[in-house]
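Residue-level structural notes
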Amino acid sequence: MIVLRRLATGLVVLWAAATAAYLALLAAPGDTVDAIIGDGADTPLIRAQIIQEWHLDRPAVVQYLDFLWRALHGDLGRSYLLQRPVAEVIGGQLAPTLTLASSAGVLGVVLALVLAITTRRPWARRVSSTLELVLVSTPPFLIGIILLSVFSFRLGLFPVSGGQGFASLVLPAVTLALPVAGVLTQVLRDGVDRALDEPFVVTARARGLGERAVLVRHALRHALLPAVTLIGWLFGILLGGAVIIETVFGRPGLGQVTLNAVTSEDMPVVLAVVVFSAFVYVVLNTLADLAYLIIDPRLRRS
């Protein structure tokens, strides 16, 4: 029953995201025919052929229902700008973005765990909290520019742009990971503080466990619950940031595809990116719900 309820909720989220994106693009200024023509020849005959080919003469509601029906069957349409299937356009750029987002996510989580455990002393907490506030408050593109200026232009340790090799991944991943680590560290540290005041910690200490064992094996595990809740937010930050960071570092990926699609009013591509993002969001939040059962055995009994 729980799984079915989660699946139903996921379908509603996918539908809402696709509908919101469709309505936003429909209300945007500009004409679809102009977007398809681009810089090509523009004659009344060509316009009539485009309207007929893309079924633009049908009512907006019919076009919306047709979009939902095709999306339900895995047909994401054809790009106005590239004149290629949208699945092919996105599929060709998916791997670099997923590599960047997953690398940044793993790095951000590791940094947060290390900082939450090692900054327990008051002076270390103050220094870490100040640094976390700065990272969270600074736009990711500014962090990227600073890292580029220092480590690429001045020190020459990493390439300025491109997506070939591990070295080209380091600075973009660090740029995305730092703000994520700043937020997660605060959540984990607060969770650890609350967990250390719980009765089960007193029991663990009474059994003779050392302070580090209590912190890592009991308090930290309990503090992971609120952090796991942020997994959907984490993905949103990483995917949204990738659009800008891939541009800053000249990397291939969905960022460039999305930026070009938005500026050229390529509706099928924009809709496909939104639906894909919502799909991954639903999957990750479902996995987070399952992770609760692993982290806290009391939820399994309930």
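Residues numbered from 1 in each chain as written. Predicted model: local features only at pLDDT ≥ 70, side-chain atom pairs only at ≥ 80, totals over all residues. Heavy atoms only, no water.

1. What to know about the packing of helix α6 (residues 122-137) against helix α8 (residues 167-196)
For any two helices packed against each other, one specifies the crossing angle of their axes together with the interaxial distance. Running from N to C, α6 and α8 point in directions that differ by 140 degrees, and their axes come no closer than 8 Å. When the axis of α6 is compared with that of α8, the two are oblique. Judged by the sense of rotation from one axis to the other, the crossing of α6 with α8 is left-handed. Residues Arg125, Ser128, Ser129, Glu132, Leu133, Leu135 and Val136 of α6 form the contact with α8, whose participating residues are Leu178, Pro179, Gly182, Val183, Thr185, Gln186, Arg189 and Asp193. Split by residue class, the contact of α6 with α8 holds six nonpolar, five polar and four charged. (Axes fitted to C-alpha atoms, helices over the stretch in contact; angles between N-to-C directions. Helix = DSSP H or I, 4+ residues; strand = E, 2+ residues; numbered from the N terminus. Parallel < 35°, antiparallel > 145°, perpendicular 65-115°, else oblique. Left-handed = near helix turned anticlockwise from the far one by under 90°. Contact = heavy atoms within 4.5 Å. Nonpolar A, V, L, I, M, F, W, Y, C, P; charged D, E, K, R; others polar.)

2. Topic: the UniProt feature "transmembrane region" (unreviewed entry) in the protein
The UniProt record annotates "transmembrane region" (unreviewed entry) at residues 98-118, 130-153, 165-184, 224-249 and 269-295. Each end of residues 98-118 is marked by a C-alpha atom, and these two atoms are 30 Å apart; helix forms 100% of the span and strand 0%. What you have in residues 165-184 is 90% helix and 0% strand, and the ends, taken at the C-alpha atoms, are 28 Å apart. (UniProt positions renumbered as here; feature names shortened; annotations may be inferred.)

3. Remarks on the pattern of salt bridges
Within this structure, the stated rule accounts for three salt bridges. Note that Asp66 is salt-bridged to Arg70, the shortest N-O span being 3.0 Å. With Asp66 and Arg70 both in helix α4 (residues 60-72) and four residues apart, the pair spans about one turn of that helix. Residue class for Asp66 comes out partly exposed when judged on its relative accessible area of 25%. With relative accessibility at 25%, the residue Arg70 sits in the partly exposed group. (Salt bridge = Lys/Arg side-chain N within 4 Å of Asp/Glu carboxyl O. Buried < 20%, exposed > 50% of the residue type's maximum accessible area, 1.4 Å probe, protein only.)

4. Describing the layout of surface pockets
Counted as a void, the second largest pocket has a volume near 500 Å³. Lining the second largest pocket are 17 residues, with Leu14, Ala71, Leu72, Leu76 and Val275 sitting closest to its centre. Put simply, the parts of the chain that give the lining of the second largest pocket at least two residues each are α1 (2-27), α4, α5 (86-118) and α13 (267-295). For the lining of the second largest pocket, a count of residues per class yields 16 nonpolar, one polar and no charged. (1 Å grid on protein atoms, 1.4 Å probe; cavity = no way out; pocket = protein on both sides within 12 Å on 5 of 7 lines; lining within 4 Å. Points joined across faces, edges and corners; volume = space filled by probe spheres on them.)

5. Looking at the side chain of Ser168
Its location among the elements puts Ser168 in helix α8. Beyond its immediate chain neighbours, meaning those up to four positions away, Ser168 contacts Pro159, Gly162, Gly163 and Arg251.

6. Looking at the confidence of the model for the protein
Where the model shows low pLDDT, its predicted coordinates should not be examined in detail. Model confidence for the protein is summarised by a mean pLDDT of 79, while 86% of its residues fall at 70 or above. Model confidence for the protein, summarised as mean pLDDT per element, is weakest for helix α14 (residues 297-301) at 57 and strongest for helix α7 (residues 140-154) at 89. (pLDDT = per-residue confidence, 0-100.)

7. Quick notes on α4
Between its first and last C-alpha, α4 extends 18 Å over 13 residues, near the 18 Å set by a 1.5 Å rise per residue. What α4 keeps buried is the set Gln63, Tyr64 and Phe67. Down the axis of α4, the buried set is contained in an arc of 100 degrees. They therefore lie on one face. The exposed set on the far side of α4, more than 90 degrees from its buried face, consists of Val61, Trp69 and Leu72. Following α4 by one or two positions, Gly74 adopts a phi angle in the positive range, close to 85 degrees. (Expected span 1.5 Å × (residues − 1). Arc of directions from axis to C-beta.)

8. Quick look at the nonpolar core
Core analysis: the biggest nonpolar cluster contains 23 residues, and Leu100, Leu176 and Leu238 have the highest contact counts within it. When residues of this core are traced back to their parent elements, those giving at least two are α5, α7, α8 and α11 (231-248). Looking at this core, the element that brings in the most residues is α8, giving eight residues. Beyond its immediate stretch of four places on either side in the chain, Leu100 contacts Leu169, Pro172, Ala173, Leu176, Ala242, Glu246 and Arg251. One finds Leu239, Val269, Ala272 and Val280 within the second-largest nonpolar core, a separate group that totals 14 residues. (Core = buried A, V, L, I, M, F, W, Y, C linked by side-chain atoms within 4.5 Å.)

9. Observations concerning a nonpolar patch on the surface
A cluster of nonpolar residues, Phe141, Leu142, Ile145, Ile146, Val150, Phe151, Leu155, Leu157 and Ile244, forms a patch on the protein surface that exposes about 760 Å² of accessible area. At six residues, α7 tops the list of elements feeding residues into the nonpolar patch. Structurally, Ile244 is set in helix α11. Taking relative accessible area as the criterion, Ile244 reaches 44% and is therefore assigned partly exposed. (Patch = residues over 30% accessible without salt bridge, like charges linked within 9 Å, V, L, I, M, F, W, Y side chains within 5 Å. Areas by Shrake-Rupley, 256 points an atom, 1.4 Å probe, with all protein chains shown as cover.)

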